Amino acid sequence: MNGILLIDKPAGWTSHDVCARLRGALHERRIGHSGTLDPMATGLLVVFVGRATRAVQFAETHDKTYLTSLRPGVVTDTQDSTGTVLSSVPCAVTQAQLETVLPRFLGEIGQIPPMYSAIKRGGQKLCDVARRGGAVELQPRPIHVDRINVLGRDGADWRLEVACGKGTYVRTLCHDIGQALGCGACMSALRRTKAGPFCVEQAYSVEQVLQAAAEDRAEALLLPVDVLFSEEPALTYDAEQTRRCRNGQELPAGAPDGRYRAYAPDGSFLALVQAENGRVRTIKSFYEV
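About the thresholds
Residues numbered from 1 in each chain as written. Predicted model: local features only at pLDDT ≥ 70, side-chain atom pairs only at ≥ 80, totals over all residues. Heavy atoms only, no water. Core = buried A, V, L, I, M, F, W, Y, C linked by side-chain atoms within 4.5 Å. Buried < 20%, exposed > 50% of the residue type's maximum accessible area, 1.4 Å probe, protein only. Helix = DSSP H or I, 4+ residues; strand = E, 2+ residues; numbered from the N terminus. Contact = heavy atoms within 4.5 Å. Salt bridge = Lys/Arg side-chain N within 4 Å of Asp/Glu carboxyl O. Pairing = 2+ DSSP bridges. Expected span 1.5 Å × (residues − 1). Disulfide = S-S within 2.5 Å. Axes fitted to C-alpha atoms, helices over the stretch in contact; angles between N-to-C directions. Parallel < 35°, antiparallel > 145°, perpendicular 65-115°, else oblique. Left-handed = near helix turned anticlockwise from the far one by under 90°.

Visitor: Got a minute to help me understand the nonpolar core in this structure?
Guide: In summary, soluble globular proteins display a tendency toward joint burial of nonpolar side chains. Core analysis: the largest hydrophobic core is formed by 27 residues, its most contacted members being Leu 98, Val 145, Ile 148, Leu 160, Val 162 and Ile 177. Counting residues per element, the ones that place at least two in this core are strand S4 (64-72), helix H3 (95-101), strand S10 (141-154), strand S11 (157-164), helix H5 (170-181) and strand S12 (185-195). Sequence-distant contacts of Ile 177, defined by excluding residues within four places in its chain, comprise Leu 70, Leu 98, Val 101, Leu 102 and Phe 105. The next biggest cluster of nonpolar side chains, apart from the first, holds 21 residues, and it includes Phe 48, Ala 52, Val 200 and Leu 228.

Set out below in C-alpha cells:
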C-alpha cells in the first residue's frame, strides 16, 4: 500500500497518535506525515503511506492556510488557551484596531518560536525543557506570512484566516499580535484548511479510514504520490531507460534543464528526476523495490 492519505485530524489527538492508529489499521509500519499539528488543532494532516514516505521532505516546505481564533487580553505560557494563564485583562479590541497592527506581521518577518514546541536545542525538545521549568534564549527565525484576513468575531475572540510558509507558529503569531495591541492575546482555536496542493475538503476522518480498512477498501482512499509533483512536467522512459533508472544510473537528457516526473512505459511513477548539463539523475525514486 503506497500513497498519500489526507486526514481531517480531530482535536485531542497528536499527529503521532494519528499515524500510530493508521499503522495498526492499515498493517503498514511505513507511515509518516508532514506539518505537525498540535493536539488542540484540527484539520488537514497530510499522511504518507508505504514507499510514499520518501516524499515527506518535499511536502515540508509547502505553504499552509489556517483558520484561527485570537483571544485578546489573555496571555498563557503556551501561547494558546490550553496553557497556564499568565495574565488576563479586560480588552475590547475593535476590528479597526486589529487591522491597524496586522500589516506588521505580513511578508518576511522574524518570529521567536515558543518554548512549548518540538524544536530541539542541545538535543532536547524545548517543550521538555519548559515542562521542567527551564528556559532557553531563542533567536528570531525568518518566516513568511502571505496574508491575515479578519473573518469576524466569535464572542470575545476574533476569527482570522492565516496563509503562511514553513516554520510559522500561528499561536506565536496570535501572541505577538496581542503584544502589538498592547493587551496581550493567545490562540483559542486552530484549523488547517490547506497544505500545498491539498485542502481539508479532500480529507477523511480517522473513523472513515478505520471503517474502510475494516472493509478492505482503504487503498482506494489513497492519492498517488506523484500528485505531489503535479506542477513538474512528465517524462516517459522506454524499457531500457526504465531499467537504468531502477539501477540508479544517470541517463542522457532529452529535455531542457529542470525537474521532471519520470514514468515507466506502463505509466507507473518511477522517480522525481533532475535534468542538468545534458544528463538526467534521480532526485528520489518511488518505484516498488
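Visitor: What's the story with the side chain of Thr 193 in this structure? I'm lost.
Guide: Tracing the backbone through its elements, the reader meets Thr 193 in strand S12. Discounting chain neighbours no more than four positions away, the residues touching Thr 193 are Leu 44, Thr 65, Tyr 66, Leu 67, Phe 198, Cys 199 and Val 200.

Visitor: Whenever I open this one, the pattern of salt bridges confuses me. Can you help?
Guide: Any two side chains of opposite charge can pair, so long as their charged atoms come close to each other. All told, the structure shown has nine salt bridges when counted by the stated rule. Put simply, Glu 232 and Arg 259 hold a salt bridge, and the shortest N to O gap is 3.0 Å. In this pair, Glu 232 is assigned in the loop between helix H6 (206-214) and strand S14 (234-236) and Arg 259 in strand S16 (residues 258-263), connecting sequence segments 27 residues apart.

Visitor: Mind showing me how you'd approach the pairing of strand S17 (residues 269-276) here?
Guide: One face of the sheet, then the other: side chains in a regular strand alternate in exactly this way. Most of S17 is tucked away: seven of the eight residues are buried. In this structure, S16 lies alongside S17, joined through six bridges in antiparallel fashion. Following the sheet pairing, Arg 261 is matched in S17 by Leu 272. Linking two consecutive strands that pair antiparallel, namely S16 and S17, is a turn of five residues; a positive phi of about 90 degrees is found at Gly 267 within it. Relative to strand S18 (residues 279-285), S17 is paired through six bridges, and the arrangement is antiparallel. Note on S18: the bridge partner recorded for Val 273 is Thr 282. A loop of two residues connects S17 with S18, the two strands running antiparallel in sequence, and Asn 277 in this loop sits at a positive phi of about 55 degrees.

Visitor: Would you mind going over H5 with me for this structure?
Guide: Residues spaced three or four apart along an α-helix point in a common direction, a consequence of the helix completing one turn every 3.6 residues. For H5, which comprises twelve residues, the first-to-last C-alpha distance of 16 Å matches the rise-based estimate of 16 Å (1.5 Å per residue) to within 8%. Of all the residues in H5, the buried ones are Val 170, Arg 171, Thr 172, Leu 173, Cys 174, His 175, Ile 177 and Gly 178. Once H5 finishes, Gly 182 follows within two positions and takes phi at roughly 90 degrees, a positive value.

Visitor: How do you make sense of the state of the cysteines when you look at a structure like this?
Guide: Here a disulfide denotes a covalent bond joining the sulfur atom of one cysteine to the sulfur atom of another. If you walk through the whole model with that rule in mind, you get one disulfide. Cys 91 shares a disulfide with Cys 183; S-S distance 2.5 Å. The disulfide joining Cys 91 to Cys 183 has a torsion of about -65 degrees about its S-S bond and is therefore left-handed. Taken as a pair, Cys 91 in the loop between strand S6 (85-88) and H3 and Cys 183 in the loop between H5 and S12 lie far apart in primary sequence, 92 residues in all. For Cys 91, a relative accessible area of 27% puts it in the partly exposed group.

Visitor: Would you mind going over the packing of helix H1 (residues 15-26) against H6 with me for this structure?
Guide: Angle between the axes and distance between the axes are the two parameters that describe a pair of packed helices. One way to put it is that H1 packs onto H6 with a least axis distance of 9 Å and a crossing angle of 15 degrees. Comparing their axes, H6 and H1 come out roughly parallel. Handedness of the H1/H6 crossing: left-handed. When H1 is examined against H6, the residues Arg 21, Leu 22, Ala 25 and Leu 26 are found in contact with a partner set consisting of Val 206, Val 209, Leu 210 and Ala 213.

Visitor: Would you mind going over unusual backbone geometry with me for this structure?
Guide: A negative phi angle characterises most non-glycine residues, just as the trans form characterises most peptide bonds. One non-glycine residue, Asp 216, lies in positive phi territory at about 60 degrees. Relative to the elements of secondary structure, Asp 216 occurs in the loop between H6 and S14. By relative accessible area, which is 72% here, Asp 216 ends up exposed. Backbone geometry at Asn 277 places phi at a positive 55 degrees, although glycine is not the residue there. Of note, Asn 277 is situated in the loop between S17 and S18. The exposure class of Asn 277 is exposed, given its relative accessible area of 67%.

Visitor: Hey, could you run me through the sheet that holds strand S15 (residues 251-252) in this one?
Guide: Sheets are built from strands that pair by backbone hydrogen bonding, the pairs being arranged parallel or antiparallel. Here we have five strands laid out as an open sheet, ordered S14-S16-S17-S18-S15, and mixed in their pairing. The open sheet has two free edges, formed respectively by S14 and S15, since each of these has just one partner strand. Against the sheet, helix H7 (residues 239-246) touches S14, S15, S17 and S18, its axis set at about 90 degrees to S17.

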